[in-house]
Amino acid sequence: MAPPTTPSPRSAPYYYFLAVIPVLLGALFLARPDALFSSSDNATNPAAAAAAATGPHSLPALPYAYDALEPHFDKETMEIHHGRHHQTYVNNLNAALQQLSWQSQEGGAAGSSEQQQLLSVLSADELVQNLDKVPAPQRTAVRNSAGGHANHGFFWRGLKKGTKLGEAGRGGEEEEKGGSPLRTAIETTFGSVEAFQAQFEKAAATVFGSGWAWLVSDEGALKIVTTANQDSPLMGVDVAGCSGTPIIGLDAWEHAYYLKFQNRRPDYIKAFWGVVNWDEASRLYNALAI
Ligand SMILES: [Fe+2]
C-alpha cells in the first residue's frame, strides 16, 4: 500500500503567490487608473514609462486649472489626460530623438548627426510637417509621439469656457460691422453654425477607433476632416489622408472622455461646444487670412 502523500514544502509559497496576484493587479489599477482606458496609446508602454522626460521637448503647462472646464470636461480626466497621456507623448518623442542621436553616432541607419541635430531643434508642429526627413527606423515613433505632442498642445489651447463665435475679429471693415471672419466663413461654407456643428459632431462620432476631428483651413477653404491615431492634417494628405491648418481640433480617443462619459462619445462631443475657445479659433483663422 502506498504511503499517504504529504504536501510538498513548495506548495505554500506557490499558493501564496497565486493569492497575491489579484492584489498586485488591484494596486496597479489604483495607482494607474489610465491603464484602464488606454488600450492602444503609449500611456502604459513600459519603455515610455521608463523614459525620462529629458530632451528638447517638455510638457506645456495648461493655461488654466484642471477644473476650469467643469462641468463640461471634468477635473480628473483633465489631470490624467494632460499629466499622464500628454506627458507620455513628450517622453516618447524625447526617447525617439535620443535614439536617433545614438544611431547617428554609431553610423547606423538613422542618418547623419547633422540631420539628427536639425530634427532636435524642430518644434512638434515642425516635426510632423517634416516626417520625410526622419530616418525610417524612427519615423513611426516620431509620427506617433510628435503627433501626440502637437495635437494635445493644440487641443489645450483650443479649450476655454465662455467664449463665443463672433466676439473676436481681426479688425478692419468686417469687424467694424460687427461680424467675425470665421463666423462668416463657417456660415458660407456649411450654411449655418448649427449645420457646421452637426457635421462636425457626425465626423467626430464616426472616427473609428482612436483619432481626431478637425476644422481646417485648406488653402483658404474650410473643411471638416478626421485623422487616425495621432496623425495631424499638418502631416499632409500622403501621410494623414487630409491636409490643412487646424482651426478647431477634438480628441476622439477614449482616454479623453471615458472617465466621465464611458462609451457615450456623442455626449462628450456635445460637451465640447461648451469649452471651444472661439477666440483662439478666430485668431488662428484670422492669422491665415493676413
Ligand atoms: Fe488625448
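As a starting point, this report considers the structure included with it. (Residues numbered from 1 in each chain as written. Predicted model: local features only at pLDDT ≥ 70, side-chain atom pairs only at ≥ 80, totals over all residues.)

## Here we look at the overall build of the chain
Selection rule: Only DSSP runs of H or I reaching four residues or more are called helices, and only runs of E reaching two or more are called strands; each is numbered from the N terminus. Residue burial is a threshold on neighbouring C-beta atoms within 10 Å of the residue's own C-beta, all placed from the backbone, with 20 or more meaning buried, 12 or fewer meaning exposed, and counts in between meaning partly exposed. In this description, a residue-residue contact is defined by the distance between C-beta atoms placed from the backbone, which must lie within 7 Å.
Counting its secondary structure elements, the chain contains 13 helices and three strands. With 290 residues in all, the chain has 34% of them scored as buried. Restricting to contacts in the chain with at least 6 residues of sequence separation, those with at least 24 account for 65%.

## Topic: the pairing of strand E3 (residues 245–251)
For clarity, the cut-off: A pair of strands is considered paired only if DSSP assigns at least 2 bridges between the two.
By the criterion of burial, E3 is predominantly enclosed, with six of the seven residues buried. Sheet topology note: the strand E1 (residues 211–218)/E3 ladder contains six bridges and is antiparallel. Looking at E3, one finds that Ala213 is bridged to Leu250.

## Some details on helix H6 (residues 136–157)
Note the cut-off: An expected span of 1.5 Å times one less than the residue number is assigned to each helix. Here the bend at a residue is taken as the angle between two axes, fitted respectively to the seven residues that end there and the seven that start there.
Over its 22 residues, H6 runs 31 Å from end to end, which matches the ideal 32 Å to within 8%, given 1.5 Å per residue. Maximal helix bending in H6 amounts to about 30 degrees, located at Val142. Within H6, the full set of buried residues consists of Gln138, Val142, Arg143, Ser145, Ala146, Gly147, Gly148, His149, Ala150, Asn151, His152 and Phe154.

## Brief notes about the sheet that holds E3
To keep things clear, this is the line we draw: Where helices are involved, their axes are fitted lines through C-alpha atoms of the stretch in contact, as for all axes, and angles between N-to-C directions lie from 0 to 180°.
Strands sit in the order E2-E1-E3 across an open sheet of three strands; the sheet is antiparallel. Looking at the sheet topology across the chains shown, the edges are occupied by strand E2 (221–228) and E3. Taking each pair of neighbouring strands and ignoring which way they run, the sheet shows an average axis angle of 20 degrees.

## Describing the environment of Gln87
With respect to the helices and strands, the residue Gln87 is situated in helix H3 (residues 75–105). You can call Gln87 partly exposed: it has 18 C-beta atoms within 10 Å. Taking the C-alpha atoms as reference points, Gln87 and His149, separated by 62 residues in sequence, lie 8.2 Å from one another.

## Side note on the pairing of E1
Most of E1 is tucked away: seven of the eight residues are buried. Sheet analysis places E1 next to E2, joined by eight bridges and oriented antiparallel. The residue bridging Trp212 from the neighbouring strand is Thr227, located in E2. In this antiparallel pair of consecutive strands, E1 and E2, the connection spans two residues, and Glu219 shows a positive phi of 50 degrees.

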